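# Survey of secondary and tertiary structure
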Amino acid sequence: MFPSRFDYSAPDSLDEALATLGQRADETKVLAGGQSLIPLLKLRFAAPATLVDINRIPGLDVLEESNGHLRIGTLARHNQLAADSLVGRRYPTIASAAPQIADPLVRNLGTIGGSLAHGDPAGDWGSVMLALNAEVVVRGPTGERRIPIDDFLVDIFTTSLNEDEIVTEVLVPQPEGSFGGAYLKLERKVGDFATVGVAVHLELDGDTIARAGLGLTAVGSRNIKPTNAENALGGNKCSDELFAEAARLAAEAADPVSDVRGPATYKRAVVEAYVKRGLAEARDQARARAGRT
Ligand SMILES: Cc1cc2nc3c(=O)[nH]c(=O)nc-3n(C[C@H](O)[C@H](O)[C@H](O)COP(=O)(O)OP(=O)(O)OC[C@H]3O[C@@H](n4cnc5c(N)ncnc54)[C@H](O)[C@@H]3O)c2cc1C
């Protein structure tokens, strides 16, 4: 099917994009990679009067460390994050997730900001950013807001972004001490959305867990941060028993539904197995970084 008629604007500054968006925010959509929006337009599930294409705005694909954070510009493509050497060295959870998103075509165009703004509970970035305690930076008519990712993600396809705001970047705190992380994703076939995804991030001080971050994909109406499991880990020494207990708590926080990808009980069991496995992997990476095995 063809999309409904729409006006198309491709500004080359953020101010201009915000001005166009502000004219009729309820009838306007921001276009980033188009990998979720264009299918929705074609199916006529969305029929905005205007599209504001932000791809020509310079600087929105920044990827650098600054002031204690990794700054990821909203237009950073999944593939850019998969290939970046700084990300590869210092942000293992991001580096592990990026190449598991969709297929090469989607990864070439899809953006981190578009993915988070879309609010799909099966989206992989939401869980990664929950594990990393990231913040989403948005600009609107009254200025800039920094929204913790756990407040940004509200419900299925619903975020706390206002209609007249644009996501500009994602801020990920720089890891401290020795750290490790992983993204474990079960999919029916390569390129599929997750049946279950688990993001894990650990920071160790010696063998004590200084910070633990977890995020769960496709097991609820939004990406889930299993805080009970994170709290159980924090301040304790790494052990298989502790990881098993955290995995049990994470599975308890999951709220999956039975669907074509499998029954709820199976998905919950996968969460438990993947959290345990991801924590062991993150611990081994952190020990290797600290020169211990
Ligand atoms: C075949 C296929 C398989 C896929 N598999 C996966 C997968 O395994 N895992 C996964 O996580 N994702 C998957 N996706 C989704 C993909 O990652 C998309 O790229 C992503 O969800 C949306 O990013 P985008 O840049 O394409 O956004 P767009 O499609 O351009 O926009 C999506 C939504 O976000 C809004 N938006 C975009 N950018 C901004 C911004 N800066 N500020 C405010 N609002 C904004 C748009 O208005 C729209 O509502 C898949 C998509 C396809 C087509």
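Reading the values: rules and limits
Residues numbered from 1 in each chain as written. Predicted model: local features only at pLDDT ≥ 70, side-chain atom pairs only at ≥ 80, totals over all residues. Heavy atoms only, no water. Near = heavy atom within 4 Å. Polar contact = N/O pair within 3.5 Å; in protein donor to acceptor, adjacent residues only side chain to side chain. Areas by Shrake-Rupley, 256 points an atom, 1.4 Å probe, with all protein chains shown as cover. Helix = DSSP H or I, 4+ residues; strand = E, 2+ residues; numbered from the N terminus. Salt bridge = Lys/Arg side-chain N within 4 Å of Asp/Glu carboxyl O. Buried < 20%, exposed > 50% of the residue type's maximum accessible area, 1.4 Å probe, protein only. Pairing = 2+ DSSP bridges. Domains from an automatic or database assignment. Buried area = accessible area lost by both parts, 1.4 Å probe. Contact = heavy atoms within 4.5 Å. Axes fitted to C-alpha atoms, helices over the stretch in contact; angles between N-to-C directions.

Taken together, the neighbourhood of the ligand is formed by 30 residues, with Val30, Gln35, Leu37, Thr111 and Asp124 sitting nearest. Ser36 places a polar main-chain atom, nitrogen or oxygen, 2.8 Å from an oxygen atom of the ligand. A distance of 2.7 Å is found between a nitrogen atom of the ligand and a side-chain nitrogen or oxygen belonging to Asp124. When isolated, the ligand has an accessible area of 970 Å², and the protein chains bury 89% of it. Contributing elements (two or more residues each) for the shell around the ligand: strand E2 (28-31), helix H7 (112-118) and strand E10 (166-173).

Another point: the pattern of salt bridges. Applying the stated criterion across every chain, the model contains 21 salt bridges. With a closest N to O distance of 3.7 Å, Arg211 and Glu203 form a salt bridge. Judged by its relative accessible area of 8%, Glu203 is buried. Glu230 is the partner of Lys225 in a salt bridge, and the nearest nitrogen-oxygen pair spans 2.8 Å. Taken together, the salt bridges that share partners define one network made up of Arg24, Asp26 and Glu27.

Let us now look at the pairing of E10. Among the eight residues in E10, seven count as buried, and that is most of the element. Of the strand pairs in this sheet, strand E6 (residues 135-140) and E10 are connected by five bridges, and their pairing is antiparallel. Bridging across to E10, Val136 finds its partner in Val170.

By a frequent convention, interface size equals the accessible area lost on bringing the separate parts together. Under the domain assignment used here, the protein contains domain 1 (7-51), domain 2 (63-173) and domain 3 (178-289). Of note, the centres of domain 2 and domain 3, computed from C-alpha atoms alone, are 19 Å apart. Counting the surface lost from both domain 2 and domain 3, the interface buries some 2,200 Å², and carbon and sulfur atoms represent 49% of this. One can count two salt bridges joining domain 2 with domain 3. The partner of Asp150 in a salt bridge is Arg222, with the nearest N and O atoms 2.5 Å apart.

So, on to unusual backbone geometry. One non-glycine residue with positive phi stands out, namely Asn133, at about 55°. Take Asn133: it is sitting in the loop between helix H8 (124-131) and E6. Its identity as a non-glycine residue notwithstanding, Phe157 has a phi of 50°, on the positive side. Structurally, the position occupied by Phe157 is in the loop between strand E8 (153-155) and strand E9 (158-159).

Looking at where Lys42 falls in the secondary structure, it is placed in helix H2 (residues 37-42). A residue is classified by how much of its surface remains accessible, and Lys42, at 45% relative accessible area, is partly exposed. With 41 residues separating them along the chain, Lys42 and Met1 place their C-alpha atoms 5.4 Å apart. Not counting the four nearest positions on each side in its chain, Lys42 is found in contact with Met1, Phe2 and Pro3.

In spatial order, the strands read E1-E3-E2; together these three strands make up an open sheet with parallel pairing. The open sheet has two edge strands, strand E1 (7-9) and E2, and neither has a second partner. Along the sheet, successive strands turn relative to each other by an average axial angle of 20°, direction set aside. Pairing of E1 with strand E3 (residues 50-53), which is carried by three bridges, proceeds in the parallel orientation. Across the sheet, the residue bridging to Asp7 is Thr50, located in E3. Each of E1, E2 and E3 touches helix H1 (residues 14-23); the most contacted strand, E3, lies at about 165° to it.

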